[in-house]
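# Coordinate analysis (summary)
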Amino acid sequence: MLCVALVALVLAGFAITVNFLASTRIYASLDDGLEAQANSIIASLPAGRLDESLIESSRPALEAEEAAGLLFQIRDSSGQVLYSSFRGSQDVLPPGGSLDQQAVYERKVAQQQLRLLHMPIDSASRGGSIEVGRPTKETDEALTEIRGTLLIGGLFALLLTSLPAYFIAGRALDPIREVSRVARRVERTSDFSQRLVERPTRDEIGELTATFNDLIGRIEQTLAAHSRFLAEASHELRRPLTILRTNLYILRDPDLPEGDRVACLERMTREASAMTRLVGDVLLLNRDRAQSLERAPVDFSRLCGEEAWRMQLAEPTASLQVQIATNLMVEGDAQRLQQVVRNLLENALNYSPQGGAVEVSLKKQNGRARLSVRDFGIGISTKELPKIFDRFYRGVEASRVHREGAGLGLSIVKYVVEGLGGDISVESRPNGATFVVELPMSQRSGKRLRDLLPVP
Ligand SMILES: Nc1ncnc2c1ncn2[C@@H]1O[C@H](COP(=O)(O)OP(=O)(O)OP(=O)(O)O)[C@@H](O)[C@H]1O
Ligand SMILES: [Mg+2]
């Protein structure tokens, strides 16, 4: 529609310009003709001042001009009309018209519209003035014809250009209509599996189609990941809940031996802690990373040392070899960093045989703090390596070696480390795995370790 309006506007501008140029040209040549006529009438008169006697002597010639259809009027220097071929009309000039200046007028004289030229004659030899007129009927008719032609031609041109333009624009808009149709269908049905038919061409419409499909694909993937996460989280919570309910049922037995009662309570306490940890992890992973992580200077050397020591106390049979450079400050969230180190150490011990060795090293490398946790346990198969950071992923062999666990530990590690601008990498050998965490160093002074909150 806009396209048609634009074409109409251009055509109207063209018609107005042509009409203006044509009428200016036609009237200019009409005026030139009138001036030539006036000069020829004056030239046909004998020499001398314009007065009654000169006109009388030229009357036959003037009457011949009149008979030929010329409309003119000759005045003497006082403005007195000496001869007029405008029969029945004495004063053809408009009231107040100056006699001393050449001028052109449009006048209605004896029922016809005239173009009238008033021209003063050289005052020294002749004096006086002359008016020559010509009916504008023909000129006006010619101009009306031009205007009519322009109007019809313009309308025709408009039709000729706008119809194909309308169809071409309609066809060009088809893919965009298709995009909005599919978008509306997706919105109505919430079915994100729908796609637009991809176009082979990489023009703007092809780009739009590809971008739209990518967008819908991303939304579909995100939604699928969310529902998978929800399903897995619920599944993981169901296991400790079942254990709690079973133990509660057992505890109802008044004849339950004291030893079994204590064992039941210990199991329930363990499962309740596992549930608390699981809920905490799920909540953390669903939070916006930028907002959920604090940024403050943390004494990473002390933090790693403390965690290794705590782990050694919890697993006295394990052999932890610790090499930690002192005073390495990193910029991060102390509580979450504790969780990172703890998860890595727990994995190293859980997936190693009882009494296995674990090497913990922390040093400064390339301006970053580099923590490496190396074990000599079951290792990770090449097939499983890309999946171990996925939420709720647990290796087959790992689930056999260590039955408990939700598969969230490494997801938390990755979430925190990358959220703090660091990197995590893993290297697996047939006889163990090595996890390496690199974190940006802090330029500010440190936070004391005793200020740290215990990890839930
Ligand atoms: N040091 C390791 N040696 C061998 N396999 C490992 C090691 N660390 C992690 N993995 C593999 O990666 C998987 C995911 O580890 P992650 O810490 O995320 O979960 P998890 O230890 O199974 O359970 P959770 O940590 O939630 O208690 C493990 O199940 C295991 O297959
Ligand atoms: Mg783990």
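Remember, predicted model here, so these are calculated numbers, not experimental data.

### Things to note about the pattern of salt bridges
- For the coordinates displayed, the defined rule picks out 20 salt bridges.
- Notably, a salt bridge pairs Glu 307 with Arg 310, separated by 3.3 Å at the nearest N-O pair. Residue Glu 307 and its partner Arg 310 are located together in helix α7 (residues 300-314), separated by three residues, close to a single helical turn.
- The exposure class assigned to Arg 310 is partly exposed, which follows from its relative accessible area of 38%.
- Counted as one network, the salt bridges with shared partners bring together Asp 31, Glu 106 and Arg 115.

### Digging into the sheet that holds strand β10 (residues 368-375)
- The mixed open sheet is built from five strands, whose spatial order is β7-β9-β10-β12-β11. Only two strands of the sheet have a single neighbouring strand rather than two, namely β7 (319-324) and β11 (423-429). Ignoring which end each strand starts from, the neighbouring axes of this sheet average 10° apart.
- Inspection of the sheet shows strand β9 (residues 357-365) paired to β10 by eight bridges, in the antiparallel sense. Counted as the bridge partner of Leu 362 is Leu 371 from β10.
- Against the sheet, helix α8 (residues 334-350) touches β7, β9, β10 and β12 (432-440), its axis set at about 25° to β10.

### A word on the domain arrangement of the protein
- With domains assigned, the protein is organised as domain 1 (2-87 + 96-144), domain 2 (221-286) and domain 3 (293-451).
- For domain 2 and domain 3, the distance between their C-alpha centroids amounts to 25 Å.
- Taken residue by residue, the interface counts 11 residues in domain 2 and 13 residues in domain 3.
- Of the roughly 1200 Å² buried between domain 2 and domain 3 on both sides combined, carbon and sulfur atoms contribute 61%.
- One can count one salt bridge joining domain 2 with domain 3.

### Examining the packing of helix α5 (residues 258-286) against α8
- Where α5 meets α8, the closest approach of the two axes is 14 Å, and the angle between their N-to-C directions is 120°. Here α8 runs oblique to α5, going by the angle between their axes. Crossing hand, α5 versus α8: left-handed. Facing Arg 277, Asp 281 and Leu 284 of α5, the residues of α8 in contact are Arg 336, Gln 339, Asn 343 and Glu 346.
- When the residues that make up the contact of α5 with α8 are grouped by side-chain class, the tally is one nonpolar, two polar and four charged.

### Focus on the environment of Arg 195
- Its place among the elements puts Arg 195 in the loop between α3 (137-189) and α4 (204-251).
- Each C-alpha atom of the pair Arg 195 and Asp 214 lies 9.1 Å from the other, and the pair is 19 residues apart in sequence.
- A distance of 2.8 Å separates a polar atom in the side chain of Arg 195 from the backbone oxygen of Phe 192.
- A distance of 2.7 Å separates the side chain of Arg 195 from the side chain of Glu 220, its partner in a polar contact.

### Remarks on the packing of aromatic side chains
- This model, assessed by the stated rule, comprises three aromatic pairs.
- Each ring, one from Phe 229 and one from Phe 392, has its centre 5.3 Å from the other, and the planes form 50°; the classification is tilted. Remark: Phe 392 occurs in the loop between β10 and α9 (396-401) and Phe 229 occurs in helix α4; sequence separation between them is 163 residues.
- Taking relative accessible area as the criterion, Phe 392 reaches 10% and is therefore assigned buried.

### Digging into α3
- Between its first and last C-alpha atoms α3 spans 73 Å; for 53 residues at 1.5 Å apiece the expected length is 78 Å, and the two agree.
- Along α3, the helix axis deviates most sharply at Asp 174, where the bend reaches about 35°; the proline Pro 175 sits within four residues downstream.
- Along α3, the residues classified as buried are Thr 139, Leu 143, Leu 150, Leu 158, Ser 162, Ala 165, Pro 175, Val 179, Val 182 and Val 186.
- After α3 finishes, the residue Ser 190 shows a positive phi value of roughly 55°.

### Observations regarding the sheet that holds strand β1 (residues 71-75)
- The strand order β2-β1-β5-β4-β3 describes an open sheet built from five strands, whose pairing is antiparallel. If you trace the sheet from one side to the other, it starts and ends with β2 (81-84) and β3 (103-109), each paired once. For this sheet the average axis-to-axis angle between neighbouring strands, irrespective of direction, equals 20°.
- One ladder, built from five bridges, connects β1 with strand β5 (residues 129-135); its direction is antiparallel. When the bridges of β5 are listed, Phe 72 appears paired with Val 132.
- In the packing of helix α2 (residues 52-67) onto the sheet, contacts are made with β1 and β2, and the angle to β2 comes to roughly 20°.

### Focus on the pairing of β1
- β1 sits mainly inside the fold: five of its five residues count as buried.
- Because side chains alternate across β1, one face comprises the buried residues Leu 71, Gln 73 and Arg 75, and the other comprises Phe 72 and Ile 74, equally buried.
- Hairpin remark: β1 followed by β2, antiparallel, with five residues in the connecting loop; positive phi at Gly 79, about 95°.

### Considerations on the site of ligand 1
- Lining the immediate environment of ligand 1, one finds 20 residues, of which Tyr 351, Asp 375, Arg 394, Leu 408 and Leu 410 sit closest.
- Within the contact set of ligand 1, an oxygen atom lies 2.8 Å away from a backbone nitrogen or oxygen of Leu 410.
- The fraction of the free accessible surface of ligand 1 (590 Å²) that becomes covered by protein chains is 95%.
- The set of elements that each furnish at least two residues to the shell around ligand 1 consists of α8 and α10 (409-419).
- Of the residues in the shell around ligand 1, the class split is 11 nonpolar, six polar and three charged.

### Focus: the nonpolar core
- Core analysis: the largest hydrophobic core is formed by 50 residues, its most contacted members being Phe 300, Leu 337, Leu 344, Leu 371, Phe 435 and Leu 439.
- No other element matches α8, which puts eight residues into this core.
- Taken together, domain 2 (221-286) and domain 3 (293-451) each give at least three residues to this core, which thus spans both.
- Counting 19 residues, the second-largest nonpolar core is a separate cluster that includes Leu 54, Ile 55, Phe 72 and Val 132.

Cut-offs applied
- Residues numbered from 1 in each chain as written.
- Chains lettered and ligands numbered in written order.
- Predicted model: local features only at pLDDT ≥ 70, side-chain atom pairs only at ≥ 80, totals over all residues.
- Heavy atoms only, no water.
- Salt bridge = Lys/Arg side-chain N within 4 Å of Asp/Glu carboxyl O.
- Helix = DSSP H or I, 4+ residues; strand = E, 2+ residues; numbered from the N terminus.
- Buried < 20%, exposed > 50% of the residue type's maximum accessible area, 1.4 Å probe, protein only.
- Pairing = 2+ DSSP bridges.
- Axes fitted to C-alpha atoms, helices over the stretch in contact; angles between N-to-C directions.
- Contact = heavy atoms within 4.5 Å.
- Domains from an automatic or database assignment.
- Buried area = accessible area lost by both parts, 1.4 Å probe.
- Parallel < 35°, antiparallel > 145°, perpendicular 65-115°, else oblique.
- Left-handed = near helix turned anticlockwise from the far one by under 90°.
- Nonpolar A, V, L, I, M, F, W, Y, C, P; charged D, E, K, R; others polar.
- Polar contact = N/O pair within 3.5 Å; in protein donor to acceptor, adjacent residues only side chain to side chain.
- Phe/Tyr/Trp six-rings, centres within 6.5 Å; stacked < 30°, edge-to-face > 60°.
- Expected span 1.5 Å × (residues − 1).
- Bend = angle between axes of the 7 residues up to and from the residue.
- Near = heavy atom within 4 Å.
- Areas by Shrake-Rupley, 256 points an atom, 1.4 Å probe, with all protein chains shown as cover.
- Core = buried A, V, L, I, M, F, W, Y, C linked by side-chain atoms within 4.5 Å.

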